[in-house]
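# Notes for the structure review
Chain by chain, the residues run as shown.
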Amino acid sequence: MIALGSDQAGYELKQVVMRHLEERGLSYKDYGSYSPDPVDYPVYGKKVAHAIVDGECDKGILICGTGIGMSIAANKVKGIRAALCSDTFSARATRAHNNSNILCLGQRAIGECLALDIVDVWLHTEFEGGRHQRRIDEIE
């Protein structure tokens with residue numbers, strides 16, 4: 001199960017990502033926001049982060065205007081490795097090397113097609129373990 005969250009600046013892209021996940025038969029839970037009305041992004045970043053550390057969901061996707069605020073908010077939760085990605089190389093690397101459990105996207109920073117490519121790469125890249133696990137253990 002994939003946890004999704006956004007503020008108003010990421011609301012439209014979140015709708016696109018939800019349709020994309022549905023088309024691929026992937027299950028998700030939307031933790032808000034539920035409209036384009038102004039909200040505080042840390043609320044939704046933390047909701048998604050807690051859904052993952054509490055075991056409700058396996059991974060998460062957070063979207064705001066730049067993706068920066070959401071990544072900062074989510075990374076405040078112990079056990080979260082949120083990565084802001086604006087390209088597919090970074091999406092692949094952060095899963096393979098960092099075992100990131102939240103992908104952050106910026107609606108104002110990337111287009112829809114690129115965002116969906118990033119989502120697909122991130123969701124389908126496995127963690128390589130090995131020397132990378134040692135480094136994650138050091139972070140934790």
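The structure reproduced in this document is the subject of the present report. (Residues numbered from 1 in each chain as written. Predicted model: local features only at pLDDT ≥ 70, side-chain atom pairs only at ≥ 80, totals over all residues. Heavy atoms only, no water.)

Let us now look at the overall build of the chain. Broken down by element type, the chain carries six helices and five strands. Going from N to C terminus, the chain has its helices and strands arranged as β-α-β-α-β-α-β-α-β-α-α. Whereas a compact globule of 140 residues would reach a radius of gyration of roughly 14 Å, the chain reaches 14 Å, a difference of no more than 12%. C-alpha extents for the chain along the principal axes are approximately 45 × 25 × 25 Å. With 140 residues in all, the chain has 51% of them scored as buried. Restricting to contacts in the chain with at least 6 residues of sequence separation, those with at least 24 account for 69%. (Helix = DSSP H or I, 4+ residues; strand = E, 2+ residues; numbered from the N terminus. Rg over C-alpha atoms; globule rule 2.2 N^0.38 Å. Buried < 20%, exposed > 50% of the residue type's maximum accessible area, 1.4 Å probe, protein only. Contact = heavy atoms within 4.5 Å.)

Quick look at the sheet that holds strand β4 (residues 82-84) now. If you trace the five strands from one edge of the open sheet to the other, you get β2-β1-β3-β5-β4, paired in parallel fashion. Two strands close off the open sheet at either side, each with one partner strand: β2 (28-30) and β4. Pairs of neighbouring strands in the sheet enclose a mean axial angle of 20 degrees, with direction left out of account. The pairing of strand β3 (residues 59-64) with strand β5 (residues 102-106) spans five bridges and is classified as parallel. Its bridge partner being in β5, Ile-63 is matched across the sheet by Leu-105. (Pairing = 2+ DSSP bridges. Axes fitted to C-alpha atoms, helices over the stretch in contact; angles between N-to-C directions.)

To continue, consider the side chain of Thr-94. Mapped onto the elements, Thr-94 comes out in helix α4 (residues 88-96). When sequence neighbours within four positions are dropped, the list of residues in contact with Thr-94 reads Ala-83, Cys-85, Asn-99, Ser-100 and Trp-122.

Next up on the list: the pairing of strand β1 (residues 2-6). Burial within β1 is extensive, with five of its five residues counted as buried. With burial as the criterion, each face of β1 is covered, one bearing Ile-2, Leu-4 and Ser-6 and the other bearing Ala-3 and Gly-5. Relative to β2, β1 is paired through three bridges, and the arrangement is parallel. By the bridge assignment, Leu-4 is partnered in β2 with Asp-30.

Let us now look at the nonpolar core. Formed by 22 residues in total, the largest nonpolar core has its most connected members in Val-17, Ile-61, Leu-103, Leu-105 and Val-119. Looking at this core, the elements that each hand over two or more residues are β1, α1 (11-23), β3, β5 and α5 (112-124). Looking at which element gives the most residues to this core, the answer is α5, with seven residues. With residues up to four places along the chain from it excluded, the contact list for Val-119 reads Val-17, His-20, Leu-21, Ile-61, Leu-103 and Leu-105. By size, the runner-up hydrophobic cluster in this structure holds 17 residues, among which are Tyr-44, Ala-74, Ile-102 and Cys-104. (Core = buried A, V, L, I, M, F, W, Y, C linked by side-chain atoms within 4.5 Å.)

To continue, consider a nonpolar patch on the surface. A surface patch of nonpolar side chains, amounting to about 250 Å² of accessible area, comprises Ile-68, Ile-72 and Leu-84. Topologically, Ile-72 is positioned in helix α3 (residues 68-75). (Patch = residues over 30% accessible without salt bridge, like charges linked within 9 Å, V, L, I, M, F, W, Y side chains within 5 Å. Areas by Shrake-Rupley, 256 points an atom, 1.4 Å probe, with all protein chains shown as cover. Salt bridge = Lys/Arg side-chain N within 4 Å of Asp/Glu carboxyl O.)

On to the pattern of salt bridges, then. Applying the stated criterion across every chain, the model contains three salt bridges. Salt-bridge contacts for Asp-30 lead to Lys-14; the nearest nitrogen and oxygen are separated by 2.8 Å. Here Asp-30, found in strand β2, pairs with Lys-14, found in helix α1; they are 16 residues apart in sequence, far enough to count as distant. Each member of the pair, Asp-30 as well as Lys-14, is classed as buried. Salt-bridge contacts for Arg-24 lead to Asp-120; the nearest nitrogen and oxygen are separated by 3.5 Å. Pair noted here: Arg-24 is in the loop between α1 and β2 and Asp-120 is in helix α5, with a separation of 96 residues, a long-range link.

Nothing here speaks to function; it is geometry throughout.
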